Amino acid sequence: MVIFLLLMPLMGREPSDTVTYFSAFDTLCSGRLDSFRTPLYPLFVGSLRAVFGSALGRVCAVMIQIGVFLCSISWFRKLAESFLSNHTVAFWLTAIYALYPGPLTLNSCLLTESFALSGMTALLWLTYKAYARADIKAAWGAAGVLLLLIFLRPAFIFLPFVFGFFWLIAVFRKQSRRAALISIAGAAISIVALGLYSLEIKRLYNVMAPSTVSSCNNYFTIRGANLVTPSPSTPNPRLNASIDSILSVRPLPGTVDETWTEIQSLRHAASLTDVADYVSETMASAPKECMRFILTERLAQALRDDAAYGGYVLPPVRALTKLFAPNIGAAMALLLIFCVITSRGDLRKRRFSFLNWLMASLALAMISTSIIGAQDEWQRLILPAYPMLLLILGSVFLAAARHIRN
């Protein structure tokens, strides 16, 4: 990781998202919520820059990210040993988690992915301890990590609902009831906090969501579905004029960069509220076309993308990992096999494997949210599913080994 840190300046550029976190910090300092970024990571990198300056602040942020990730290696090892009950398989899965070079590069970038990966590993380990060992401190810790994660990135909006449902089942099954009640309270607090935050974004920007980035992503959907046309119901004539200009230059959908340029031109021509309203109305008027585009075009592209982040911010690393990286389609096949194995085991033993289904639900929710809500870079966006997929891989491997032995 130190080597990657030293190599990072050789890129000559930072990821395009990095600057948006600093601009979000400046917006927060002005007394307003930022429309694009949830506040946790902008406060982290912005505060370090304010205290230590630009260069030293960046180094401090990276070193903290590296330190947290190093701690997460221990959390993952304990989780793998407990979940799989096989020290050898847990050891090799931990080696992959700790040494696969793609995710390591992100610890040297000012992006949310480093904390997203480490935080998800921490949440899984604390949840396991709270459930399997009725550990009250772990339940409180999981509630705190859950609250931090939903304000780290908007894509984690599903987490309190998945964990809340999981713990509700645990209460009805009288499993770790005190830890379960604490965890349900933590999920409820996260949902309420997210709702209040979304109401403030609604008041400021007229978008009922934790971030207006969803409007940008939804524009990619309506553009890909060929639904972008001037709208007679749009009150802003400049917005319609901008749409006419876009279509005259590029009648058919273009590349990701070209579509981002279109979004910028729309936001210069009209207010953020007008653009968000236009995108929402267009999607609502043609839900079948949008779903058809997602299922027939975007899904096909996403399934071909790597399931494990390959490190494209550092091209030499990407060239190495591309040789043997499985794609998201293979990960979905693995997830299906895991669900079949778990279902057969549950039916045969007349039980419900809580933790297995939690892992499967989280992995599926993470991958589905990324594919439906984003237009590219799926391998980076599904990085928080990495620990779940590794554990699922280990579980399927052990099931196959038992079958062969029998």
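Residues numbered from 1 in each chain as written. Predicted model: local features only at pLDDT ≥ 70, side-chain atom pairs only at ≥ 80, totals over all residues. Heavy atoms only, no water.

Enquirer: Describe the packing of helix α11 (residues 213-224) against helix α15 (residues 287-304), listing the residues and the values that go with them.
Expert: At a minimum axis distance of 9 Å, the contact between α11 and α15 shows a crossing angle of 85°. Judged by the inter-axis angle, α11 sits roughly perpendicular to α15. Residues Asn217, Phe220, Thr221, Ile222 and Gly224 of α11 lie in contact with α15, whose contacting residues are Cys290, Phe293, Ile294, Glu297 and Arg298. (Axes fitted to C-alpha atoms, helices over the stretch in contact; angles between N-to-C directions. Helix = DSSP H or I, 4+ residues; strand = E, 2+ residues; numbered from the N terminus. Parallel < 35°, antiparallel > 145°, perpendicular 65-115°, else oblique. Contact = heavy atoms within 4.5 Å.)

Enquirer: Describe the nonpolar core, listing the residues and the values that go with them.
Expert: In globular proteins that are soluble, nonpolar side chains generally tend to be buried together. Among the nonpolar cores identified, the biggest contains 95 residues, and Leu159 and Leu362 are the most heavily contacted of them. Excluding anything up to four places from it in sequence, leucine 159 contacts Met120, Leu146, Leu149 and Leu362. Judged by nonpolar contacts, the second largest core, of 23 residues, contains Leu227, Val228, Leu239 and Ile243. (Core = buried A, V, L, I, M, F, W, Y, C linked by side-chain atoms within 4.5 Å. Buried < 20%, exposed > 50% of the residue type's maximum accessible area, 1.4 Å probe, protein only.)

Enquirer: Any details on the packing of helix α4 (residues 54-84) against helix α20 (residues 386-405)? Residues and values, ideally.
Expert: Relative to each other, α4 and α20 sit at 35°, their axes nearing to 11 Å. Once α4 is placed against α20, the crossing between them reads as right-handed. On the side of α4, the interface is formed by Phe76, Leu79, Ala80, Phe83 and Leu84, while α20 contributes Pro387, Leu390, Leu391, Gly394, Ser395 and Leu398. (Left-handed = near helix turned anticlockwise from the far one by under 90°.)

Enquirer: Which residues make up helix α17 (residues 328-349), and what values do they have?
Expert: Here α17 spans 31 Å end to end across 22 residues, near enough to the 32 Å set by a 1.5 Å rise per residue. Listing the buried residues of α17 in full gives Ile328, Ala331, Leu334, Leu335, Phe338, Cys339, Thr342, Gly345 and Asp346. Buried residues of α17, seen end-on, are gathered within an arc of 140° and therefore sit on one face of the element. Opposite the buried face of α17, at more than 90 degrees from it, the exposed residues are Leu336, Arg344, Leu347 and Arg348. In this structure, the buried residues of α17 make contact with α15, α18 (354-373), α19 (378-381) and α20. Sitting at the amino-terminal end of α17 is asparagine 327, which places a side-chain oxygen 3.1 Å from the backbone nitrogen of glycine 329. (Expected span 1.5 Å × (residues − 1). Arc of directions from axis to C-beta. Polar contact = N/O pair within 3.5 Å; in protein donor to acceptor, adjacent residues only side chain to side chain.)

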